[in-house]
Structure formats: structure tokens, C-alpha cells
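# Remarks on the overall topology
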Amino acid sequence: MASEKIHFDEIISKYRSDPYDYVDMYAVHTGLVRFLVDDGIEVQGVSGEWNHIPGSNLYEITRERNPKVITSKTNGTVSYLNKEVEGKFVEAGTKLLTVRHPLKKKEIIEAILQEVLYLFIAPERARYYFSMDVQSRIDQKGARSIVINPGDEIITMSLMKRDTPVYYDGEAGILHSVYFSPGDSIDQGVPLLGVCPEEKLAVVQKIITRVKAEWE
Amino acid sequence: MLSHSALCRLARESSPDTRYSPDTARRILRYGAPVGSYIEHHHHLSRCMDHLRYLVHEGNSVSTPDTGSVVWADKLSDSSGRFSRPWHAPPGGLYLALLWADTLLPEFSRQIPFAAGIACCETISSLGPSARIKWVNDLHVGDKKISGILSEAMAGPDDEWFHLIGIGINVNNTVFPEELQGKATALRIETGRCFDLEEVCSLLLARLQWNFGLLYYAEEQWMAGADRTAVAKKGPLLERWLELSDTPGRLVLYGYDVQKKPLYQAKAMDIDAIGGLIMKLADGSQVTEYSGEILYV
């Protein structure tokens, strides 16, 4: 959680001067890399009703004569290409390229909020829903009336028909932002919840109002 | 009930897979040997899973129950399936819950529901009817459900994690409530025979020993490989699942809770290296799901 003294002008001018998200792509495993895009090329992200249509092909990685094409998760422009590794064997995790994604107003608000909220992220790629107790409290009073504390069972993770309770391990606060709909399939590492300590709620609200008012 | 050593012997004798050398088969069975190391039998419980949870949290002040512990009941009064769907559990059926410590890598622990499904399928098929598995682990004979499996995880009092696997098999129970008429069957209906529940339970635990062992063997094989960044091909457990499943090639409805809210129709093609269901949509694109459920169209 950032300090209460949030420098609105600084944050807003940062996004005004560079309203992009830079999505780095790393080798998903060891293998021989062949790029399928060039520097400066526009790429498309996943689409379709079920997010089932893959994005543009970015690179192919071959391990044990088993080639795998990696596609773009987001739309944007290829702003960096690690040309040195073209046609070479790389280790898993080697940075291969960057996609520069133009941010929309809503994404900018989210990006700023994600800098100031405590983010509770998905531990695995799975489907998530609220625990029965949390869901009934949300139904009755709305998410922002829910105070959660470390150790609370807040979410159930469903993977391969196995349900696992997920316990909150961040700082206590109000459930400010919910980034999934119950039953959604969420990738590992993607935020599920944004939690705001009660005393900082006013500051966070001020950020949203300010961005909404000032951003064209 | 069989002693644990007799159960291990049964697992050895009933392991049908001849593709493994005797040494490998012994290693696989050693991995799965804890299944049934402690069995608690009750005439009546509300739910086996709840009782197992109670044992983990409250039942023993000295230590939590051992991995492989089993709670078995003759009938359940408050049984339910996923999404609180009713599960009819009168006398005559086999109802048990298995406790398993979370000692597998995540890529393999998520295959536990597959291991349970295979064990049930092998048990039922060894007693007569030809059962098939619908992804992930629904068991049916023809188009009728014969067994249900629930998989949950829980944290123990010392923050250690456990898997709870609840299994119900319709054995000698032949009367079903109205909503299940034409949708459920039982071993007795399929064969015309009455079965000794203790024998069925022993067979099931023996098959669980083998298949849980196979899962650890799959992990061992992967760990011994050169590249451990991702599981690139199906292990022996999922290969066995494919032999027993009739899902690939079927037109299916997919949804998280498919009975309440089906999301889309697709053709099931295969499972990937960690059990995800690969499906082809009407527009030719492919999607892989790692949770949710399907109905055959």
C-alpha cells in the first residue's frame, strides 16, 4: 500500500506522457526460438466470446522436436525484440520481446488503483468463486461493506473438479475491487481482489474521482 | 474388513497392468501403500467428508490422522455432490472418504481427481459392467451414472494441506428418487448380483493404492527428466485415463456448473499433459479447460 501522501499530479502526468502498458514476454520453457513478428509490428490479443481465439503469433519455441507457438495475450505494438536469440537455444524465462499496449481510461484507473491497493492474486490458473459466507455478505450488503482479515477463507479455487479454500494473507481492509466474476477462469498471477485499509478508502476514492475528471 | 497388509497384497494381485516391470510395479505400489492404512467404519454418518474434516481438526489431540486414512459409512443422511446437488446415499451403496497429505507437486496433485476416477472405473469394471469415465471423473455405465467423486482440499491445524476424496458407488442400492429415475444405475442392476460391500471396498482401496502410486511414479519420471520447466507430455496415469474414458470425440456442453449454466457446445478432442480438456468449437478454434464440467450432447 502506498503512502497516504499520494502525488496525484505525478501519477496522472506519468500516464499522460506514457499511456501504455509494457507487456514483457519470456520463454515459456527451454528451447530453440524463432520469432514470428518484427519490431514495430502491430499484434492482436485474444478475442472471441470465450477468449478462445488466440492472439497474433509471436514466437515459436521448439523442445525435443516439439514446436510450440506462443501468441499475444494483448493488443499493441512490438516495441522490443531480443534479436540476439533468434534461432538460438534459450533457457526458460529468457526475455524475448515486449508488446506495448495502449491503455484505455478504465485501464489507467485500474492501473493506478493497483498501485495503491493490496492485490490478492490468483495462486494458480483455475476458476474462482467466493466462499459461501463472503458471497452471502456480498449479496446482502455489497463488496465494499466486507472487511477481510488475514486468515479469512475468502475464495474457493476450483481446478480439475477439486475445490480448494484460499485464505487471505494480505493486510486487513475493505474489499474495494473485485477483478473476477464467480466461475471465471483466471490465469496464475492475475489479481483477484484489491483490498484497501479502511483509513485509506477516502484517498483511493479521491484518485478515482480525479482521474475520471481529468482524463480525456 | 481386510487388514492393511492384506489390502496391500490385494493391490499387488489385482494390478492388471503388465506394461510395468515387477520392480517398477513394486515401486508404484509402495507409493500408494498408505491408502487404507487406517479405516474407520460407521453404520451411519451425515457425510464422510465432514467426519474426515472433524478427525483432522478435532478427532485426535496428539496428531492429525495419517495420510491414506479412510472413513467408510453404510449410509449417509446429508450427502451432497458438487454445487450442493443431492447425492442419494441409502444402505447398499459404498460411501467413503480418503485423506491424502498434499505431498505432490502442483502439476501432479491436480491429477488426484483423475486417479480417483480411474480407481473407481477399474473397480466397477472388474465386477462386471463396463464403466467409462467422463472428464474429469464422472463414472457411468451406458448413459447412467453409477458413481460420484468429490475432491476438496483443506488446511490442517498445523497449516499442512490435505486432499479429501469422497467416493460414492451405487452397489446394491437399486431404488433411486424420482429425479434420478433413468439417470442412475447400480452394480446390482447391471449384473443382477448382490455384492459384498466389504469386498467392493477392498477392491476400490486396492485400485486407489495402485493409481495414487502411479501418480507419484509419473511425478518421479518427470523429475528424472532433463527439462522440468513444464510437463510436456501425458504421464502414465493420464494415458490410463484415456484408455478408460469415452470423452474424446464426443460432442459436449461445457460449463462451470453445466447443469445450471452451460456456456458452450464443443467437440472434446483430447486431454493435455496435465489433464486439461482440449475442445474444438464450432468456428474451428480450440479451447482448453482446467475446471468446470461437461455433459454429453
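Residues numbered from 1 in each chain as written. Chains lettered and ligands numbered in written order. Predicted model: local features only at pLDDT ≥ 70, side-chain atom pairs only at ≥ 80, totals over all residues. Heavy atoms only, no water.

A count of helices and strands for chain A gives 4 helices and 16 strands. Each of the three principal axes of chain A carries a C-alpha extent, and together these read 55 × 45 × 30 Å. A total of 216 residues make up chain A; the buried ones form 44% of that total. Considering only residue pairs separated by 6 or more positions, chain A has 72% of its internal contacts joining residues 24 or more positions apart. Carbon and sulfur atoms make up 49% of the accessible area of chain A, which totals about 11400 Å². Chain A carries 26 positive and 32 negative side-chain charges, and their two centres are separated by 2 Å. (Helix = DSSP H or I, 4+ residues; strand = E, 2+ residues; numbered from the N terminus. Buried < 20%, exposed > 50% of the residue type's maximum accessible area, 1.4 Å probe, protein only. Contact = heavy atoms within 4.5 Å. Areas by Shrake-Rupley, 256 points an atom, 1.4 Å probe, with all protein chains shown as cover. Lys, Arg positive; Asp, Glu negative; His and termini not counted. Charge placed at Lys NZ, Arg CZ, Asp CG, Glu CD.)

In this assembly, 39 residues from chain B lie in contact with 22 residues from chain A. Looking only at chain B, the three residues that lose the most surface to chain A are Arg110(B), Tyr256(B) and Tyr290(B), adding up to 22% of its buried area. There are 3 salt bridges connecting chain B and chain A. Among the ionic pairs, Lys161(A) bridges to Asp138(B), the shortest N-O distance being 3.0 Å. At the junction of chain B and chain A, the tally comes to 12 residue pairs in polar contact (both at pLDDT 80 or more). Within the residue set of the side of chain B that touches chain A, elements represented by two or more residues are helix H4 (106–109), helix H5 (112–126), strand S6 (144–155), strand S7 (161–169) and strand S11 (286–289) of chain B. Of the residues assigned to the side of chain B that touches chain A, the class counts are 20 nonpolar, 12 polar and 7 charged. Two strands pair when backbone bridges link them, and strand S13 (residues 162–167) of chain A and S6(B) are joined in this way by 2 bridges, in the parallel orientation. Directly across from Arg162(A), in S6(B), lies its bridge partner Ser151(B). (Buried area = accessible area lost by both parts, 1.4 Å probe. Salt bridge = Lys/Arg side-chain N within 4 Å of Asp/Glu carboxyl O. Polar contact = N/O pair within 3.5 Å; in protein donor to acceptor, adjacent residues only side chain to side chain. Nonpolar A, V, L, I, M, F, W, Y, C, P; charged D, E, K, R; others polar. Pairing = 2+ DSSP bridges.)

Residues and elements named next belong to chain A. Taking burial as the measure, the 6 residues of strand S16 (residues 191–196) include 6 buried ones, the bulk of the element. Judged from the 4 bridges that link them, strand S14 (residues 173–178) and S16 form a sheet pairing that is antiparallel. Note that in S16 the partner of Leu175 across the bridge is Val195.

Okay, the nonpolar core next. Judged by nonpolar contacts, the single largest core of 97 residues is most densely connected at Ile155(A), Leu94(B), Trp135(B) and Leu208(B). Ranked by the residues each element gives to this core, the list is headed by helix H7 (residues 197–224) of chain B, at 16 residues. Every residue in contact with Leu94(B), bar those within four places of it in the chain, is listed here: Trp72(B), Ile167(B), Gly168(B), Ile169(B), Val171(B), Leu197(B), Val200(B), Cys201(B) and Leu204(B). Within the second largest apolar cluster, 19 residues are counted, among which are Leu55(B), Trp87(B), Tyr95(B) and Ala97(B). (Core = buried A, V, L, I, M, F, W, Y, C linked by side-chain atoms within 4.5 Å.)

Right, let's get into the environment of Ala186(B). With respect to the element layout, Ala186(B) can be found in the loop between S7 and helix H6 (187–191). Considering only alpha carbons, one finds Ala186(B) and Ile149(B), 37 residues apart in sequence, at a separation of 15 Å.

Once that is clear, we can look at the environment of Thr288(B). Mapping Thr288(B) onto the fold places it in strand S11. On a C-alpha basis, the gap between Thr288(B) and Asp272(B) in space is 8.1 Å, while along the polypeptide they are 16 residues apart.

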